[in-house]
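Geometric and topological summary
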Amino acid sequence: NIGNISYTISNGDVCYVGGIVGYAHAGITLTDCANYGAITAQGAMHVAGICGALFADSTFIRCANFGSVTPTIGDSFEEVAGGGAYTGGIIGRSY
């Protein structure tokens, strides 16, 4: 990915934002992937440069993030509780 990704959530749903994959179900393999774009997410719970949420038995091989990852948190309780709750340069949250 060489483009920028921007996402805003306003209804309290759980969402997954990543430069390559938002939500990776169990057993996937990502090989030779890279994100160069900036990731910004308003109120998102799982935010990362490569994968927002990664589930069991998945593998990343030679993956890299060179872009910035910026979860933004608003003023309401829901945004503070959920905004960027799981944030990482490569993976936001691993289950």
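Preceding this paragraph is the structure being described.
What comes next concerns the included structure. Just so it is clear, the model here is predicted, and its values are computed rather than measured.

Remarks on the overall build of the chain
- Per the secondary structure count, the chain includes one helix and 13 strands.
- Shown N-terminal to C-terminal, the secondary structure of the chain runs as helices and strands in the order β-β-β-β-β-β-β-β-β-β-β-α-β-β.
- Across the chain, the fraction of contacts at a sequence separation of at least 24, relative to all contacts at a separation of at least 6, is 75%.
- Only carbon and sulfur atoms are counted for the fraction: they give 53% of the accessible area of the chain, which is about 5000 Å².

Looking at the sheet that holds strand 8 (residues 51-54)
- Ordered in space as 3-8-13, the three strands form an open sheet in which the pairing is parallel. On the outer flanks of this sheet lie strand 3 (21-24) and strand 13 (91-94), each paired with one strand and no other. Ignoring strand direction, the axes of neighbouring strands in this sheet form an average angle of 5 degrees.
- In this structure, strand 3 lies alongside strand 8, joined through three bridges in parallel fashion. Bridge assignment links Tyr23 to a residue of strand 8, and that residue is Ala53.

Things to note about the nonpolar core
- Counting eight residues, the largest nonpolar core consists of Val21, Ala24, Leu30, Cys33, Ile50, Cys51, Leu54 and Cys63.
- For this core, the secondary-structure elements that each account for two or more residues are strand 3 and strand 8.
- Residues contacting Leu30, with those up to four places away along its chain left out, are Val21, Ile50, Thr59, Phe60, Ile61 and Cys63.
- Listed in part, the six residues of the second largest apolar core include Cys15, Ile39, Ala44 and Val47.

What counts and what doesn't
Residues numbered from 1 in each chain as written. Predicted model: local features only at pLDDT ≥ 70, side-chain atom pairs only at ≥ 80, totals over all residues. Heavy atoms only, no water. Helix = DSSP H or I, 4+ residues; strand = E, 2+ residues; numbered from the N terminus. Contact = heavy atoms within 4.5 Å. Areas by Shrake-Rupley, 256 points an atom, 1.4 Å probe, with all protein chains shown as cover. Pairing = 2+ DSSP bridges. Axes fitted to C-alpha atoms, helices over the stretch in contact; angles between N-to-C directions. Core = buried A, V, L, I, M, F, W, Y, C linked by side-chain atoms within 4.5 Å. Buried < 20%, exposed > 50% of the residue type's maximum accessible area, 1.4 Å probe, protein only.

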